[in-house]
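The chain contents come next:
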Amino acid sequence: MHIGELADATGLSLRTIRHYDEIGLLPATTRTEGGFRVYTDSDLQRLIVIRSMKPLGFTLEEMAELLEVVDTLADGAAHPRERELLESYIRRANEKRDKLALNLERADDFIASLENK
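Residues numbered from 1 in each chain as written. Predicted model: local features only at pLDDT ≥ 70, side-chain atom pairs only at ≥ 80, totals over all residues. Heavy atoms only, no water.

Asks: Would you mind showing me how to read the nonpolar core here?
Replies: The nonpolar side chains of a soluble globular protein tend to be buried with one another. Of all hydrophobic cores here, the largest spans 22 residues; its most connected members are Leu6, Ile17, Tyr20, Leu26, Leu47 and Ile50. Of all the secondary structure elements, the ones that give two or more residues to this core are helix H1 (3-10), helix H2 (14-22), helix H3 (41-53), helix H4 (60-73) and helix H5 (80-115). Filtering out sequence-adjacent residues up to four positions away, Ile50 remains in contact with Tyr20, Leu25, Leu26, Met63 and Leu67. (Core = buried A, V, L, I, M, F, W, Y, C linked by side-chain atoms within 4.5 Å. Buried < 20%, exposed > 50% of the residue type's maximum accessible area, 1.4 Å probe, protein only. Helix = DSSP H or I, 4+ residues; strand = E, 2+ residues; numbered from the N terminus. Contact = heavy atoms within 4.5 Å.)

Written out as structure tokens, the structure is:
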């Protein structure tokens, strides 16, 4: 798929996708003879992981590290260090999600208090 289709599928802007490409988070799998980026379903899944990490406050460096861990684990071999890193990311993602949920609950309470005035 071309970058526009990838943007439509993920809700991300072309600029954001190009930025992720430039910094190595999401390099295009291939390019056409004219130099246009071409992405695969695997690239789409990778971008969904990146998009999911963003609202949790993970840095670009952390995103790159997690993607490397996921890629390494995908080969099926035993990788104790990568498994440990993955567990760490899962734990941190849960903590960040819990904090977001608490903030959302507080926002809901605030809105309700305003509506009751």
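Text resumes after the structure shown.
Asks: It is not clear to me how the packing of aromatic side chains should be interpreted in this structure. Could you clarify?
Replies: Between two aromatic rings, the relevant description is the distance of the centres plus the angle of the planes. Enumeration according to the criterion identifies one aromatic pair in this entry. Here the aromatic rings of Phe58 and Tyr89 are separated by 5.7 Å at their centres, their planes lie at 45°, and the arrangement is tilted. Residue Phe58 is found in the loop between H3 and H4, and its partner Tyr89 is found in helix H5; the two are separated by 31 residues along the sequence. Owing to a relative accessible area of 7%, Phe58 belongs among the buried residues under this scheme. For Lys96, the ring lying beneath its charged end belongs to Phe58, and the centroid distance is 4.9 Å. (Phe/Tyr/Trp six-rings, centres within 6.5 Å; stacked < 30°, edge-to-face > 60°. Lys NZ or Arg CZ within 6 Å of the ring centre and 35° of its normal.)

Asks: Help me understand the pattern of salt bridges, please; the structure alone is not making it clear to me.
Replies: Side chains that differ in sign of charge can pair as their charged atoms come close. Applying the stated criterion across every chain, the model contains five salt bridges. The residue Arg31 makes a salt bridge to Asp21 at a minimum N-O spacing of 3.6 Å. One end of the pair, Arg31, is in strand E1 (residues 30-31); the other, Asp21, is in helix H2, with ten residues separating them in the sequence. Look at Arg31 and you get partly exposed, because its relative accessible area is 47%. Judged by relative accessible area, Asp21 falls into the buried class, the value being 12%. Across the salt bridge formed by Arg37 and Asp21, the nearest N and O atoms sit 2.5 Å from each other. Here Arg37 is found in strand E2 (residues 37-38), whereas its partner Asp21 is found in helix H2, with 16 residues between them in sequence. For Arg37, a relative accessible area of 18% gives the class buried. Among the ionic contacts, a cluster of salt bridges with common partners joins Asp21, Arg31 and Arg37. (Salt bridge = Lys/Arg side-chain N within 4 Å of Asp/Glu carboxyl O.)

Asks: Explanation requested: the environment of Arg46 in the structure shown.
Replies: Here Arg46 shows up in helix H3. For the pair Arg46 and Leu67, spaced 21 residues apart in sequence, the C-alpha to C-alpha distance is 7.7 Å. In this structure Arg46 touches Leu25, Leu26, Leu67 and Asp71, once residues within four positions along its chain are discounted. In terms of polar contacts, Arg46 uses its side chain to reach the backbone carbonyl oxygen of Leu25, at 2.8 Å. Of the polar contacts made by the side chain of Arg46, one reaches the side chain of Asp71; its length is 2.9 Å. (Polar contact = N/O pair within 3.5 Å; in protein donor to acceptor, adjacent residues only side chain to side chain.)

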